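This is what each chain is made of:
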Amino acid sequence: MREDPVALTDEAISKIRGLIQSGELPPGARLPTEQQLSQEMGLSRSGVREAVKVLEAARVLDVRRGDGTYVTSLAPRLLLEGLGVAVELLRDDTLLEVMEVRRMLEPVATGVAALRITDADVERLGEILEEMRGAADDAERLIRYDAAFHRTVIAVTGNETLTSLLDGLSGQTLRARVWRGLIEGGSAHVTLNEHEAIYLALRERDPLLAQASALIHVNTSESWLRTVLAAAPRPPAGDEAPRRRERR
């Protein structure tokens, strides 16, 4: 009976992952050769090869041509890197679910940041806020500074997993849709004021006010996203692209 190549690849992935999880292959460790892994696992070399490709794409392994294959640092920023790509591909209704997740996480993280923020962090946020005010009608610059502002706030928590997770959930396309909606609706000043409220709460090291200010801001963003999505043209139900008739 012919073995399923997908099943073999999955088994090889599971076994390599087990070696990493057990500590037998710690971060930075070099993997045995493809032939050695194949013999040790009792699997085909092709299955091992495909497994390595999958784990490389997931940033678990680093294949260095002419040198070997190594376990990466396994840092959250690496392992969660693909989340941002996935968010960029989500459809409209699922984007609202992403905003809901942000609403659950970001305000609490902002409250934690208020307890851990340094004077240098406050100064950096103040500089970003000034840049945002100077770019009030420029969507591209606002998107860039908005991302920098929130990334800086969450990074203050010192939680790399949380920082990487929220960074991935706040994709470029998602930010662009919200900011363009705000600018076109003449309401960019509203969210700029919300950023200032977050900044002031952080400067005062007030976790409850920081959390509340961040919640208001995420709610505003979610509301504008709903408005933008509702206004977007939708294809009629059952409407499909015309199919080409095959020539006989």
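In case you missed it, the structure is sitting above this.
Reference entry: report on the structure contained in this document. The structure presented is a predicted model; accordingly, all values stated were derived computationally and were not measured.

### Regarding the pairing of strand E2 (residues 68–71)
Of the two faces of E2, the one carrying Gly68 and Tyr70 and the one carrying Thr69 and Val71 are both buried. When strand E1 (residues 61–64) meets E2, the two strands line up antiparallel, connected through 4 bridges. Opposite Asp62, over in E2, you have Tyr70 as the bridge partner. Between E1 and E2, which pair antiparallel in sequence order, lie 3 residues; one of them, Gly66, sits at a positive phi of approximately 80°.

### Here's the deal with the packing of aromatic side chains
Inspection of every chain in the model, using the stated rule, returns 0 aromatic pairs. Here the basic side chain of Arg64 rests over the ring of Tyr70, its NZ or CZ set 4.0 Å away from the ring centre. Note that Arg144 overlies the ring of Tyr145, its terminal NZ or CZ placed 5.3 Å from the centroid.

### As for the side chain of Thr69
Mapping Thr69 onto the fold places it in strand E2. Those residues in contact with Thr69, other than ones at most four positions away along the chain, are Ala29, Arg30, Leu31, Val52, Leu61, Asp62 and Val63.

### Some words on the packing of helix H11 (residues 188–203) against helix H12 (residues 207–231)
Two elements in contact, H11 and H12, have axes whose closest approach is 8 Å; the angle formed by their N-to-C orientations is 165°. If you check the angle between H11 and H12, you find them roughly antiparallel. Helix-helix and strand crossings are classified by hand; for H11 and H12 the assignment is left-handed. Seen from H11, the contacting residues are Thr191, Glu194, His195, Ala197, Ile198, Ala201 and Leu202; seen from H12, they are Leu209, Ala210, Ser213, Ala214, Ile216, His217 and Thr220.

### Re the side chain of His195
Within the element layout of this structure, His195 appears in helix H11. The class for His195 is buried, based on a relative accessible area of 0%. In this view, His195 contacts Leu129, Met132, Asp146, Phe149, His150, Trp179 and His217; residues no more than four positions away in its chain are not counted.

So, how was this worked out
Residues numbered from 1 in each chain as written. Predicted model: local features only at pLDDT ≥ 70, side-chain atom pairs only at ≥ 80, totals over all residues. Heavy atoms only, no water. Buried < 20%, exposed > 50% of the residue type's maximum accessible area, 1.4 Å probe, protein only. Helix = DSSP H or I, 4+ residues; strand = E, 2+ residues; numbered from the N terminus. Pairing = 2+ DSSP bridges. Phe/Tyr/Trp six-rings, centres within 6.5 Å; stacked < 30°, edge-to-face > 60°. Lys NZ or Arg CZ within 6 Å of the ring centre and 35° of its normal. Contact = heavy atoms within 4.5 Å. Axes fitted to C-alpha atoms, helices over the stretch in contact; angles between N-to-C directions. Parallel < 35°, antiparallel > 145°, perpendicular 65-115°, else oblique. Left-handed = near helix turned anticlockwise from the far one by under 90°.

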